[in-house]
Amino acid sequence: MTDVLHLVEENRFVIRHEGDEAVLAYRLFTNAGIEAIDFYSTFVPPAFRGQGFAEKLVRTGLKWAKERNFELHASCWYVAKFIR
């Protein structure tokens, strides 16, 4: 599996593999004066599901967000499993 790339200008983390992309998308916002992040979509192409791509994306994204002290939100059900 290849490394996770953070495409800051596109607000997403990606893993490029065999000409396709697995993606974790997010949006930044302010919640009552606190910098916050909402991870709203995780997508892994069907051919690569069950190989840990989504988990690697989410763990990388959450680590990045925690290092920046963002308030964490997850409107994506998959990400929500990691921050409960």
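Our subject in this report is the structure included herewith. (Residues numbered from 1 in each chain as written. Predicted model: local features only at pLDDT ≥ 70, side-chain atom pairs only at ≥ 80, totals over all residues. Heavy atoms only, no water.)

Points about the nonpolar core
The biggest cluster of nonpolar side chains holds 21 residues, and the ones touching the most others in it are F13, L24, I37, F39, L57, W64 and V79. For this core, the secondary-structure elements that each account for two or more residues are β2 (12–17), β3 (20–31), β4 (34–43), α1 (53–67) and α2 (77–83). Top element by residues in this core is α1. It accounts for seven residues. Setting aside its immediate chain neighbours within four residues, I37 contacts Y26, R27, L28, F29, W64, A65, F70, E71, L72 and H73. (Core = buried A, V, L, I, M, F, W, Y, C linked by side-chain atoms within 4.5 Å. Buried < 20%, exposed > 50% of the residue type's maximum accessible area, 1.4 Å probe, protein only. Helix = DSSP H or I, 4+ residues; strand = E, 2+ residues; numbered from the N terminus. Contact = heavy atoms within 4.5 Å.)

Describing the pairing of β3
Looking at chain direction, β2 and β3 are connected through six bridges and run antiparallel. The partner of V14 across the bridge, within β3, is V23. Following β2, the chain reverses through two residues before pairing antiparallel with β3; E18 in that reversal takes a positive phi of roughly 50°. Taken together, the nine bridges between β3 and β4 define a ladder with antiparallel strand orientation. Bridging across to β4, V23 finds its partner in F43. (Pairing = 2+ DSSP bridges.)

So, the sheet that holds strand β5 (residues 71–74)
With respect to topology, five strands assemble into an open sheet ordered β1-β2-β3-β4-β5, the strand pairing being mixed. A single partner strand is all that each edge strand has here, and the edge strands are β1 (5–7) and β5. Averaged over neighbouring strand pairs, the angle between their axes works out to 25° when direction is ignored. In this structure, β4 lies alongside β5, joined through four bridges in parallel fashion. Looking at β5, one finds that I37 is bridged to L72. The sheet contacts of α1 involve β1, β2, β3, β4 and β5, and relative to β2 the element is tilted by about 145°. (Axes fitted to C-alpha atoms, helices over the stretch in contact; angles between N-to-C directions.)

What about the packing of aromatic side chains?
All told, the structure shown has eight aromatic pairs when counted by the stated rule. Residues Y26 and W64 carry aromatic rings whose centres are separated by 5.5 Å and whose planes lie at 40° to one another, so their mutual orientation is tilted. Of this pair, Y26 sits in strand β3 while W64 sits in helix α1; the two residues are 38 residues apart in sequence, bridging distant segments of the chain. Given the relative accessible area of 15%, W64 is considered buried. Within the aromatic cluster, the residues linked to one another by ring pairs are F13, Y26, F39, W64 and F70. The cationic tip of R27 hangs over the ring face of Y40; the distance from NZ or CZ to the ring centre is 3.9 Å. (Phe/Tyr/Trp six-rings, centres within 6.5 Å; stacked < 30°, edge-to-face > 60°. Lys NZ or Arg CZ within 6 Å of the ring centre and 35° of its normal.)

All quantities given are derived from atomic positions and should not be read as evidence of function.
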